[in-house]
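Listed here are the chains, written in short residue letters.
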Amino acid sequence: MKRIVLIAALFFAVSIAMAQKYAFVDTEYILDNIPAYNAAQEQLDQISRQYQKELETMHAEIEQMYNDFQAEAVLLSEDMKRKREDVIISKEKEYKGLQRKYFGPDGDLFKKRQGLVKPIQDDIFNAVQEIANDGSYAVIFDKAGGLTMLYTNPKFDLSDQVLEKLGYKN
């Protein structure tokens, strides 16, 4: 009797799963077809290059200070050596602080990315959610995410529908 109940429950669970509608989107494809995203990405790349250049210049200054110190160390008194070392250490701390300020988890670049890219991602999420609700989809996977999809049938790809809903495709 238990075996029959178990088989019936398994059959019921499989039939429910089979009745669900599934689809997928490719957010990478969607984002590549949104001009505002490409512009935001270019702006972020430009800011990143600017920050990187500033940090590289500062790092070169620190290296020069250290090399100068090494070359002159024999001529300096202990007091002068300590002062020079303190200046170099202070400059290194300033460099690391600036690095965190620009590229850290809550750094300027992260905040700028949040301001430029997150609204676009939210629009995509809302469009996908609308399509899922309108089409009665149980699950919509993201092909571009970390999920490995060995095969995807193009007829279940809703990426163009998302772009249409956002106003980027006819």
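Refer to the structure presented above.
Residues numbered from 1 in each chain as written. Predicted model: local features only at pLDDT ≥ 70, side-chain atom pairs only at ≥ 80, totals over all residues. Heavy atoms only, no water.

Student: Outline the overall build of the protein chain, listing residues and values.
Tutor: Summing up its helical and strand segments, the protein chain has 6 helices and 2 strands in all. Ordered by position in the sequence, the α and β elements of the protein chain form the string α-β-α-α-α-α-β-α. Sorting the 170 residues of the protein chain into buried and exposed places 23% on the buried side. Across the protein chain, the fraction of contacts at a sequence separation of at least 24, relative to all contacts at a separation of at least 6, is 77%. For the protein chain, the exposed surface amounts to about 12,200 Å²; the carbon and sulfur share of it is 55%. (Helix = DSSP H or I, 4+ residues; strand = E, 2+ residues; numbered from the N terminus. Buried < 20%, exposed > 50% of the residue type's maximum accessible area, 1.4 Å probe, protein only. Contact = heavy atoms within 4.5 Å. Areas by Shrake-Rupley, 256 points an atom, 1.4 Å probe, with all protein chains shown as cover.)

Student: Give me the lowdown on unusual backbone geometry, citing residues and values where you can.
Tutor: Within the chain, S136 stands out as a residue other than glycine whose phi angle is a positive 55°. With respect to the helices and strands, the residue S136 is situated in the loop between α5 (108-135) and β2 (139-142).

Student: Describe in detail a nonpolar patch on the surface, supporting the description with residues and values.
Tutor: Residues Y22, V139 and F141 make up a contiguous nonpolar surface patch of roughly 230 Å² in combined accessible area. Counting through the fold element by element, F141 comes out in strand β2. Overall, F141 belongs to the partly exposed group, its relative accessible area being 32%. (Patch = residues over 30% accessible without salt bridge, like charges linked within 9 Å, V, L, I, M, F, W, Y side chains within 5 Å. Salt bridge = Lys/Arg side-chain N within 4 Å of Asp/Glu carboxyl O.)

Student: Lay out the pattern of salt bridges in plain terms, naming residues and giving numbers.
Tutor: Taken as a whole and judged by the stated rule, the model has 9 salt bridges. Between R84 and E72 there is a salt bridge, with the nearest N and O atoms lying 2.5 Å from each other. Here the residue R84 occupies a position in helix α4 (residues 78-103), and E72 occupies one in helix α3 (residues 35-72), the gap between them amounting to 12 residues. Classification of E72 as partly exposed rests on a relative accessible area of 30%. In this structure, D79 and R82 form a salt bridge, with 3.9 Å as the shortest nitrogen-oxygen distance.

Student: Describe the side chain of D26, listing the residues and the values that go with them.
Tutor: Assignment of secondary structure puts D26 in the loop between β1 (22-25) and α2 (27-32). No salt bridge is formed by the buried D26; the nearest opposite charge belongs to K143, separated by 4.9 Å. Of the polar contacts made by the side chain of D26, one reaches the backbone nitrogen of E28; its length is 3.2 Å. If we skip the residues at most four places from it in the chain, D26 touches D142, K143, A144, D157 and S159. (Lys, Arg positive; Asp, Glu negative; His and termini not counted. Polar contact = N/O pair within 3.5 Å; in protein donor to acceptor, adjacent residues only side chain to side chain.)

Student: How would you sum up the packing of α5 against helix α6 (residues 159-166)? Please name residues and give values.
Tutor: Two elements in contact, α5 and α6, have axes whose closest approach is 9 Å; the angle formed by their N-to-C orientations is 115°. By the angle class used here, α5 and α6 are roughly perpendicular. As for how α5 packs across α6, the hand of that crossing is right-handed. Facing α5, whose interface residues are D123, I124, A127, V128, E130, I131 and D134, α6 presents Q161, V162, K165 and L166. (Axes fitted to C-alpha atoms, helices over the stretch in contact; angles between N-to-C directions. Parallel < 35°, antiparallel > 145°, perpendicular 65-115°, else oblique. Left-handed = near helix turned anticlockwise from the far one by under 90°.)

Student: Now, about the packing of aromatic side chains: what can you tell me, with residues and values included?
Tutor: Taken as a whole, this structure holds 3 aromatic pairs when the rule is applied. Relative to F141, the ring of Y22 has its centre 6.5 Å away and its plane inclined at 25°; by these criteria the two rings are stacked. In this pair, Y22 sits in strand β1 while F141 sits in strand β2, placing the two residues 119 residues apart along the sequence. On the accessibility criterion, Y22 (37% relative accessible area) is partly exposed. On the numbers, 6.1 Å between centres and 85° between planes, the contact of Y51 with F103 is edge-to-face. Linking Y51 in helix α3 with F103 in helix α4, this pair joins segments that are 52 residues apart in sequence. Aromatic rings pair up to connect Y51, Y102 and F103 into one cluster. (Phe/Tyr/Trp six-rings, centres within 6.5 Å; stacked < 30°, edge-to-face > 60°.)

Geometric values such as these leave the question of function open.
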